[in-house]
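Letter by letter, the chains look like this.
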Amino acid sequence: MDPDKSKEILKILYTQSKPYHDLIAKSEDSGFTYDDFLAGIIGKCMPEYGETIRLLDVASGTGHYLKAARESGAFSCGVDLSLYACRMARERDLSVFQADAECLPFKNDAFDVVVCLQLLEHTIYPEKVIAEISRVLRPGGSLFLSAPNMLGSNRLSRSLRGIKWFFSGRVKDLKTLPEGIVEEWERAVEPSSVNDMDACNRSNVFQAFNLLRMNDLRVEHVDTLRHPLKYSPWQYAWAKAGQRIPLIKYTGINFKIIARKR
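Treat the numbers as computed from the prediction; the structure is a model and nothing was measured.

S.K.: Got a sec to walk through the overall build of the protein? Specific residues and values, please.
M.R.: Summing up its helical and strand segments, the protein has 10 helices and seven strands in all. A compact globule built from 262 residues would reach a C-alpha radius of gyration of about 18 Å, and the protein, at 18 Å, matches this within 12%. For the protein, the spread of C-alpha atoms along the principal axes amounts to about 45 × 45 × 35 Å. When the accessible surface of the protein is summed, it comes to about 12,500 Å², and 55% of that surface belongs to carbon and sulfur atoms.

S.K.: I'd love a proper account of the sheet that holds strand β1 (residues 54-58), names of residues and values included.
M.R.: Sheets are built from strands paired through backbone hydrogen bonds, the pairs being either parallel or antiparallel. Strand order in the open sheet formed by seven strands is β3-β2-β1-β4-β5-β7-β6, with mixed pairing between adjacent strands. What marks the edges here is a single partner per strand, and that holds for β3 (95-98) and β6 (217-223). For this sheet the average axis-to-axis angle between neighbouring strands, irrespective of direction, equals 20°. Sheet topology note: the β1/strand β2 (residues 75-80) ladder contains five bridges and is parallel. Directly across from R54, in β2, lies its bridge partner F75. Across the face of the sheet, helix α5 (residues 83-90) comes into contact with β2 and β3 while running at roughly 170° to β3.

S.K.: A description of the nonpolar core should follow, citing residues and the corresponding values.
M.R.: L56, V58, F106, V114, L143, L145 and I257 are the most contacted members of the largest nonpolar core, which totals 37 residues. Ignoring sequence-local partners within four residues, the contact set of V58 consists of V79, A101, L104, V114, V115, C116, L119 and I133. In this structure, I41, L55, A69 and L117 belong to the second largest nonpolar core, which totals 17 residues.

S.K.: For the packing of aromatic side chains, give the residues involved together with the corresponding values.
M.R.: With the rule as written, the count across this model stands at 13 aromatic pairs. Seen from their ring centres, Y14 and Y20 are 5.1 Å apart, and the 50° between their planes marks the pair as tilted. The exposure classification of Y14 matches that of Y20, with both residues buried. Pairing F106 with F111 gives two aromatic rings, centres 5.0 Å apart and planes at 90°, and the pair type is edge-to-face. Across this residue pair, the class does not change: F106 and F111 are buried.

S.K.: Quick rundown of the packing of helix α2 (residues 18-29) against α5? Include the residues and the values.
M.R.: Where α2 meets α5, the axes come as close as 9 Å, and the angle between the chain directions of the two elements is 45°. On the basis of their axis angle, the class for α2 and α5 is oblique. The segment α2 lies against α5, with K18, H21 and D22 engaging Y84, A85 and M88. Here the residues of the contact of α2 with α5 sort into three nonpolar, one polar and two charged.

S.K.: Help me get a handle on the environment of A101, residues and values and all.
M.R.: Along the chain, A101 turns up in the loop between β3 and β4 (111-117). Under the relative-accessibility criterion, A101 is labelled buried at 13%. For the pair A101 and F75, spaced 26 residues apart in sequence, the C-alpha separation works out to 19 Å.

S.K.: Before we move on, can you summarise the pattern of salt bridges with the specific residues and values?
M.R.: Under the defined criterion, the tally for this structure stands at 17 salt bridges. For R187, the salt bridge is made with E184, and the minimal N-O distance between the two is 2.6 Å. Here R187 and its partner E184 are both found in helix α8 (residues 181-187), three residues apart, which amounts to about one turn of the helix. According to the relative accessible area criterion, R187 is exposed, its value standing at 56%. Residue classification places E184 among the partly exposed positions, given a relative accessible area of 33%. Here the salt bridges do not stand alone but share partners, grouping K44, R218, E220 and R260 into one network.

How each quantity is defined
Residues numbered from 1 in each chain as written. Predicted model: local features only at pLDDT ≥ 70, side-chain atom pairs only at ≥ 80, totals over all residues. Heavy atoms only, no water. Helix = DSSP H or I, 4+ residues; strand = E, 2+ residues; numbered from the N terminus. Rg over C-alpha atoms; globule rule 2.2 N^0.38 Å. Areas by Shrake-Rupley, 256 points an atom, 1.4 Å probe, with all protein chains shown as cover. Pairing = 2+ DSSP bridges. Axes fitted to C-alpha atoms, helices over the stretch in contact; angles between N-to-C directions. Contact = heavy atoms within 4.5 Å. Core = buried A, V, L, I, M, F, W, Y, C linked by side-chain atoms within 4.5 Å. Buried < 20%, exposed > 50% of the residue type's maximum accessible area, 1.4 Å probe, protein only. Phe/Tyr/Trp six-rings, centres within 6.5 Å; stacked < 30°, edge-to-face > 60°. Parallel < 35°, antiparallel > 145°, perpendicular 65-115°, else oblique. Nonpolar A, V, L, I, M, F, W, Y, C, P; charged D, E, K, R; others polar. Salt bridge = Lys/Arg side-chain N within 4 Å of Asp/Glu carboxyl O.

So, in structure tokens, the structure goes:
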């Protein structure tokens, strides 16, 4: 696969497809978000910094987390590749900039908190994204990072691949994008019908660990649980218990990491 060609396809999708962002906004409005995580990070940072928290959302989309951050008392701004998404966010009186996550338009050490949710799987160059996040994050600042933990379709395959990736120093695992991806998105009426079709990078938690280590970011929290609304109560209790088991804790469906810049 030619990485630059795939990046161009993705750029067309994100900048030209209105249904793409409409469907993501619809999913966020349904409650499948991590507002509690975000509020916890902001609440922890406020007494530590003794000032208004400066928060950046990388790939902010239509601005759900920017609004949530503002409601938690932070000064928040976002960047997104899509002008359409930026316009939707600005209609909600949110501060956003059209920009590529690989080249953030901010000076060094500009933010106390950076949020980067469900982006790594959609970028050809995750190493550039995390390097830019580290650059604009102040020493001692916090990063909230999440993405699908693509280790396999069942517990056995996920465990075996987890062992393999534990010893790997790789930072990405690229795959070929499907033919006609832009046209498929244009026809979509539900997020589930095109779920992760644009995932060009089989992201996983070990890949994220490597990226963070390379960029002077230290992990303070990690779990690989799905969103609580996707479990029944007993399933959630069982999955949460699995987070205490050394290997099993890394084989969940989605990883959420809080890291701090040294």
